[in-house]
Amino acid sequence: MIIEHPLLGPRDASEFTYMGDAALIHRPDWTATTAVQDFADYGYLRDNPAGRHRELWFHEGGDRSWLVVTRDTTTHAITSVELARDVARREGRSR
Amino acid sequence: MSDLHKKWSATDVNNNYISVIVTLKESDSMRYSGLRVIKEALTGHKGWSPAWRDATPKPEYDIIVIGGGGHGLATAYYLAKIYGQRRVAVLEKGWIGGGNVGRNTTIIRSNYMLDGNEPFYEFSLKLWEGLEQDLNYNAMVSQRGILNLIHSDAQRDAFVRRGNAMMLNGADADLMTTQQIKKKYPFLNTTDARFPIKGGLAQHRGGTVRHDAVAWGYARAADQQGVDIIQNCEVTGFIMENGTCCGVETTRGTIRATKVASCVAGSSGRVMEMAGLRLPIESHVLQAFVSEGLKPLLPGVITFGAGHFYCSQSDKGGLVFGGDIDGYNSYAQRGNLPVVEDVCEGGMAIFPMLGRIRLLRMWGGIMDMSMDGSPIIDRTSIDGLYFNGGWCYGGFKATPASGYAYAHLLARDEPHPTATAYRFDRFNRGLMIDEKGMGNQPNLH
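Residues numbered from 1 in each chain as written. Chains lettered and ligands numbered in written order. Predicted model: local features only at pLDDT ≥ 70, side-chain atom pairs only at ≥ 80, totals over all residues. Heavy atoms only, no water.

**Q** When you look at the side chain of B:His416 in this model, what are you seeing that I'm missing?
**A** Residue and element names in this part refer to chain B. If you trace the backbone, His 416 turns up in the loop between helix 11 (399-412) and helix 12 (426-429). The buried category is assigned to His 416, whose relative accessible area is 10%. Leave out the neighbours within four places in its chain, and His 416 touches Tyr 83, Phe 123, Tyr 404, Ala 405 and His 408. (Helix = DSSP H or I, 4+ residues; strand = E, 2+ residues; numbered from the N terminus. Buried < 20%, exposed > 50% of the residue type's maximum accessible area, 1.4 Å probe, protein only. Contact = heavy atoms within 4.5 Å.)

Okay, structure coming up:
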């Protein structure tokens, strides 16, 4: 698989470390009354879809940026690649 | 059969075989035996019947097992044979044995360390040892031994600990020296390799089994116990009434059941999504490889300790080997080249001769990679719906015990004594069974 890095252009997937579902960007609120169960679900349950999947790839063998890659798990075709930082800010995780 | 045998050995084979054949009882007509092969050979092979019926779905069963792989067929067999269930169906979306039971590297072993795992896998190995007589089917169970190579002092310490844990649970383990290893595998480089071999942990009762024959043998034996094996029957939804699962919608119509048992490791995410359940599982692709047929050179199963590579030689002569999963979520039954390169590098490190061998086939299978690397055999939060999955890439060796334990759970609504730890709630309760100590990152198990 070739990942079209937003800054570096096309890079081989073997330069990256796969870090799982991009939903992990959204860490639960630790002050919520349901926090214990929320964190258990966050840590251990996954949607694991067959089809479109947004996922985190860490460019460990490159510029060490984190990417959000949208990829089809039934074909491995990649439809979009963004910097995880941009995605997190857009979805309200920025500080 | 024993009377027949006495008669056979007491008579002159050339003159009296026909009289012996005539005495074959009607009840023996379904049994496979050497005598049967001779009889059929002499009578034009007209007496063989299909190994299992091509069943059509009935409107209702007591228990429906979704998935006609090794685990599903074993579950149905033990439900009928051990737990006396008479109305059981196995639903398979394609043909039986077309999934992971036909895609693995055929290794059986029980060399686990943790209490939650080892008694279960040892139970499985014991079932393997009696499987062929039990099923009356030649599954080519071959206890040729498995050897985990040691390359460092720290690794020896870890393997000694694991071997002791195995023996505490009644399994066999043998710490081998390089001299002992050289005797069995003279081609291994124990002097000047990049990763020198310093010994190995052997389990001599481990080995290989003809994987397809496991599916066929269980299917035939289950069918003889009255189980309906329904192929080309894909589950498209669950019937839920008042929060209870009462059956399934399929491509061959609605089938109702008191209990519905998912047994589709690899596709667990897809199937349980229809019931609205999220699982502690990611689906990953694992590749496997087989070389051209060679003369006998590898008497047992070897695993490389400085990388991830395992290899055995099939009875047809091909070297069957594999290594790591690709490491990203996938439902495509094919992988990518970087892992192929990685596996072959591991192989070249211990068998430089591998470089001269041509590859015949490579393929991929989908693994339920669970959050702690261990499986789940449990009830779900929905009444009437049961789950068996999360086998990571170790499901084949577990086939008999998985079927047995799942049948126990389905029949009695309590876990089998060897499978009490395989619960969904272990993640909530902090009772992970993490053999490799990797934490909740499925692609590292």
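**Q** Which parts of the structure should I look at to understand the environment of B:Gly199?
**A** All names here are of chain B. Inspection of the secondary structure puts Gly 199 in strand 6 (residues 199-203). On a C-alpha basis, the gap between Gly 199 and Gln 180 in space is 8.5 Å, while along the polypeptide they are 19 residues apart. Filtering out sequence-adjacent residues up to four positions away, Gly 199 remains in contact with Asn 148, Leu 149, Ile 150, Met 176, Thr 177, Thr 178 and Ile 181.

**Q** Sorry if this is basic, but what is going on with the side chain of A:His59 here?
**A** Residues and elements named next belong to chain A. Counting through the fold element by element, His 59 comes out in the loop between strand 4 (52-58) and strand 5 (66-72). Assessed through its relative accessible area of 1%, His 59 is described here as buried. When sequence neighbours within four positions are dropped, the list of residues in contact with His 59 reads His 5, Leu 8, Arg 11, Glu 15, Phe 16, Arg 64 and Ser 65.

**Q** Help me understand the sheet that holds strand 5 of chain A in this model?
**A** Two pairing modes exist for strands in a sheet, parallel and antiparallel, and in both the strands are linked by backbone hydrogen bonds. All names here are of chain A. Strand order across the open sheet formed by four strands is 3-4-5-6, with antiparallel pairing between neighbours. The sheet terminates laterally at strand 3 (17-21) and strand 6 (78-83), the two strands that pair on one side only. Within the sheet, the average angular offset between the axes of one strand and its neighbour, ignoring direction, is 30°. Here strand 3 runs beside strand 4; their pairing, made up of four bridges, is antiparallel. For Tyr 18, the partnering residue across the bridge sits in strand 4 and is Trp 57. (Pairing = 2+ DSSP bridges. Axes fitted to C-alpha atoms, helices over the stretch in contact; angles between N-to-C directions.)

**Q** I would appreciate a short explanation of the sheet that holds strand 12 (residues 281-293) of chain B in the present structure.
**A** Residues and elements named next belong to chain B. If you walk across this open sheet you meet the eight strands as 5-6-4-13-14-15-12-16, and the pairing is mixed. Edge strands, defined here as strands with exactly one partner in the open sheet, are strand 5 (174-176) and strand 16 (359-370). Adjacent strand axes in the sheet meet at a mean angle of 25° when their direction is disregarded. Pairing of strand 4 (residues 146-150) with strand 13 (residues 301-304), which is carried by three bridges, proceeds in the parallel orientation. Paired with Asn 148 across the strands is Thr 303, a residue of strand 13. Packing of helix 10 (residues 337-350) onto the sheet brings it into contact with strand 4, strand 12, strand 13, strand 14 (309-313), strand 15 (318-329) and strand 16, and relative to strand 15 it is tilted by some 140°.

These figures come from the coordinates and say nothing about function on their own.
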